[in-house]
Amino acid sequence: MSVRFGSTQALDSVSLSLVEGEVHGLVGENGAGKSTLGKVIGGLYQPDSGELEVFGRQVHRWDTRRAQEAGVVVIAQELCLVPALTVAENVFLGRESRTLGVLRGDLRGRYRDLEKICGFGLPPDAPVHTLSIADQQKVEIMRALARDARIIVMDEPTSSLTADESDRLHEIMRRLRSRGTTVVYVTHFLDDVLGNCDRVTVMRDGRVIRTAPAARETKASLVEAMLGEPVDMVLPERPPAPSPGTAPVAEMREVRSASVREVSLLVRPGEIVGLAGLVGSGRTEIARALFGCDRVESGQVLFGGAVVTAASPRASIARGMAMIPEDRRAQGLVLLRPVLENVTLPHLRRFSRAGVLSRRAERAAVRELVERLGVRPAALDGDVSVYSGGNQQKVLFAKWLLGRPGFLILDEPTRGVDVGAKSRIYQLIVEIAAAGTGVLLISSELEEVVGLSHRVHLVRDGSIIAEVPGPGTSVDEVLQRLFEVGATSPGTEGRP
Ligand SMILES: Nc1ncnc2c1ncn2[C@@H]1O[C@H](COP(=O)(O)OP(=O)(O)OP(=O)(O)O)[C@@H](O)[C@H]1O
Ligand SMILES: [Mg+2]
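Residues numbered from 1 in each chain as written. Chains lettered and ligands numbered in written order. Predicted model: local features only at pLDDT ≥ 70, side-chain atom pairs only at ≥ 80, totals over all residues. Heavy atoms only, no water.

- By the naming in an unreviewed UniProt entry, the chain is Sugar ABC transporter ATP-binding protein, taken from Nonomuraea purpurea.

A closer look at the pairing of strand E10 (residues 207–213)
At step 1: In this structure, strand E9 (residues 199–204) lies alongside E10, joined through 6 bridges in antiparallel fashion. When the bridges of E10 are listed, Arg199 appears paired with Pro213.
At step 2: A loop of 2 residues connects E9 with E10, the two strands running antiparallel in sequence, and Asp205 in this loop sits at a positive phi of about 50 degrees. (Pairing = 2+ DSSP bridges. Helix = DSSP H or I, 4+ residues; strand = E, 2+ residues; numbered from the N terminus.)

With respect to unusual backbone geometry
At step 1: Geometrically, the link from Arg376 to Pro377 is a cis peptide bond, its omega value of -5 degrees lying close to zero.
At step 2: Position of Pro377 relative to the elements: it lies in the loop between helix H13 (359–373) and helix H14 (389–401).
At step 3: Unusually for a residue other than glycine, Glu412 sits at a positive phi of about 50 degrees.
At step 4: With respect to the helices and strands, Glu412 occurs in the loop between strand E19 (407–411) and helix H15 (419–434).

Remarks on the site of ligand 1
At step 1: Surrounding ligand 1, one finds 22 residues, the nearest of these being Gly31, Lys34, Thr36, Ser388 and Gly390.
At step 2: Note that an oxygen atom of ligand 1 is positioned 2.7 Å from one of the side-chain N or O atoms of Ser388.
At step 3: Summarising the interface, the protein chains cover 88% of the accessible area of ligand 1, which totals 640 Å² for the free molecule.
At step 4: Looking at the shell around ligand 1, the elements that each hand over two or more residues are strand E2 (8–11), helix H1 (34–41) and H14. (Near = heavy atom within 4 Å. Polar contact = N/O pair within 3.5 Å; in protein donor to acceptor, adjacent residues only side chain to side chain. Areas by Shrake-Rupley, 256 points an atom, 1.4 Å probe, with all protein chains shown as cover.)

Looking at H1
At step 1: Most of H1 is tucked away: 8 of the 8 residues are buried.
At step 2: Those residues of H1 not exposed but buried are Lys34, Ser35, Thr36, Leu37, Gly38, Lys39, Val40 and Ile41.
At step 3: Looking one or two residues past H1, Gly43 carries a phi angle of roughly 80 degrees, positive in sign. (Buried < 20%, exposed > 50% of the residue type's maximum accessible area, 1.4 Å probe, protein only.)

Considerations on the confidence of the model for the chain
At step 1: Of all residues in the chain, 91% attain a pLDDT of 70 or more, and the chain-wide mean is 86.
At step 2: Residue range residues 97–101 is modelled with pLDDT below 50. Its contacts to residues more than four positions away, or to other chains, number 8 contacts.
At step 3: Counting contacts from residues 486–496, a segment whose pLDDT is below 50, to residues more than four positions away or on other chains yields 18 contacts. (pLDDT = per-residue confidence, 0-100. Contact = heavy atoms within 4.5 Å.)

Describing the domain arrangement of the chain
At step 1: Its domain assignment divides the chain into domain 1 (3–227) and domain 2 (250–483).
At step 2: Computed over C-alpha atoms only, the centres of domain 1 and domain 2 are separated by 29 Å.
At step 3: On the domain 2 side, the residues contacting the 19 residues of domain 1 number 17 residues.
At step 4: Buried surface at the junction of domain 1 and domain 2, summed over both partners, amounts to about 1,300 Å²; 55% is from carbon and sulfur atoms. (Domains from an automatic or database assignment. Buried area = accessible area lost by both parts, 1.4 Å probe.)

What to know about the pattern of salt bridges
At step 1: In this structure the tally under the stated criterion is 27 salt bridges.
At step 2: Where Asp63 meets Arg66, a salt bridge forms, and the shortest distance between an N and an O atom there is 2.7 Å.
At step 3: When its relative accessible area of 25% is taken as the criterion, Arg66 is described as partly exposed.
At step 4: Put simply, Asp135 and Lys138 hold a salt bridge, and the shortest N to O gap is 2.6 Å. Highlighted residues: Asp135 and Lys138, both in helix H5 (residues 133–146), separated by 3 residues, approximately one helical turn.
At step 5: Look at Lys138 and you get buried, because its relative accessible area is 4%.
At step 6: Look at the salt bridges and you will find they share partners, linking Arg268, Glu271, Arg455 and Glu467 into a network. (Salt bridge = Lys/Arg side-chain N within 4 Å of Asp/Glu carboxyl O.)

Some thoughts on the sheet that holds strand E22 (residues 463–469)
At step 1: Sheet architecture is open: 6 strands sit in the order E16-E19-E20-E13-E21-E22, paired in mixed fashion. Every other strand in the sheet has two partners, leaving strand E16 (321–324) and E22 as the edge strands with one partner each. Between one strand axis and the next, the sheet turns by 20 degrees as a mean value, whatever way the strands run.
At step 2: The pairing of E19 with strand E20 (residues 438–442) spans 5 bridges and is classified as parallel. If you follow Phe407 over to E20, its bridge partner there is Gly438.
At step 3: Its contacts with the sheet put H15 on strand E13 (272–277), E19 and E20, and the angle it makes with E20 is roughly 150 degrees.
At step 4: Relative to the sheet, helix H17 (residues 475–483) contacts E13, strand E21 (455–460) and E22, its axis offset from that of E21 by approximately 30 degrees. (Axes fitted to C-alpha atoms, helices over the stretch in contact; angles between N-to-C directions.)

Considering empty space enclosed by the protein
At step 1: According to the stated counting rule, one finds 1 cavity of 30 Å³ or more in the structure shown.
At step 2: Lining the largest cavity are Glu156, Ser159, Thr187, His188, Phe189, Thr414, Arg415, Gly416, Val417, Lys422 and Glu445.
At step 3: For the lining of the largest cavity, the residue count by class is 2 nonpolar, 5 polar and 4 charged.
At step 4: Lining the lining of the largest cavity are residues from two domains, each supplying at least three of them: domain 1 (3–227) and domain 2 (250–483). (1 Å grid on protein atoms, 1.4 Å probe; cavity = no way out; pocket = protein on both sides within 12 Å on 5 of 7 lines; lining within 4 Å. Points joined across faces, edges and corners; volume = space filled by probe spheres on them. Nonpolar A, V, L, I, M, F, W, Y, C, P; charged D, E, K, R; others polar.)

Rendered as structure tokens:
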């Protein structure tokens, strides 16, 4: 099948066969066409040419309704829940019109059954808009299961889940497989692909490079097929640490907010400080309190040694600080505007001389960043909405790097980006720190936080429980300390 969007050939004569009762991995660089292929399978996009056969029958017309009737369900990369409805209502949405309003008794029973399988522990009566992105992702997964689908396409379903929750999802996949359900698993976590899929299809530039049994692939063979060349995934070397006497660029002193408890930390110019913790441990909330997104109830935030009084994200930006948030789609980009505009929006001053915007300087600066990050397509004038998930992320990165902030908060900077972009982002983090920016780095990938940071704070339940040096500390050590003594165990993390 082929699918074209304007000048982009998103799918170029792609052939794919799915076997009943298999978990089929789908991997490829950002923009390779994975989501597009998933949407064609789910009837959301119509192919320009090609043939589709479903359960042995040639299909001439295929749309979302027909797909659903045939038992084909897609969990899209961009979540599509109804924010005002409750968790349970969303799970059964479209199955039962009567679920709107009060959940009927039998549905409550069905919800409990589903919960037994998933074990996500979501509050069934909470409106979905009150949930974190990770929890919303779980609602999507429950909804797909509620539909008794025969084919489920999961487009990066684990991108906001903890390691523990991902394991549970993999367990669910195995159970689905044993029932004869087919799962198409799109992800950038190659270890998960190798460990959980029966077969893997690698895509590059809208084409299928190959489909092979997972047992015959390795991480290196997948990466090479995805990129067309082998890449080295070693982390770049940290820049030299600033001397301990250097005045901090950003500091928190015994800060309390709704979800942060007595947090003190500081970041010096040129220093990379990591926050390691489980999803839900309060890492993001610490960053939000520091950046002025959440109200600080007591304690102090200091930028450049001065106590911040009227804190707000806007005020922080005005002081030369930047934050790349975790929830990028909702917080970072204006989807219906071009790339160029999205990147330069906060920096128009810099490109103006006496009030006149220098279009040329603007374009040149953005082009350089776009090339370094490998944003594709590299054209600057297309709306951001048509970019693939990972490429939107790179655009957001470019937006904040362009401002050369004095202090930068990165919340999960490599989530959803492909292996090539990952190593580019690592390189950039190290370079901006070497140029004097203080960086606060949050990541669920412990290799990343530990391997890039000078110092790492371990976060649990909204407070910092320990500090370890980045160099010389092993990931196992950090994991052990995060799970140490009492409070939370891996199985109950993030839940009351
Ligand atoms: N609605 C659209 N309009 C125009 N172009 C689109 C649209 N959807 C996707 N594209 C383009 O098609 C190509 C494939 O995109 P797709 O979303 O399938 O990539 P992907 O493999 O899922 O990437 P990622 O890993 O970043 O999610 C990209 O170049 C993208 O910009
Ligand atoms: Mg995608």
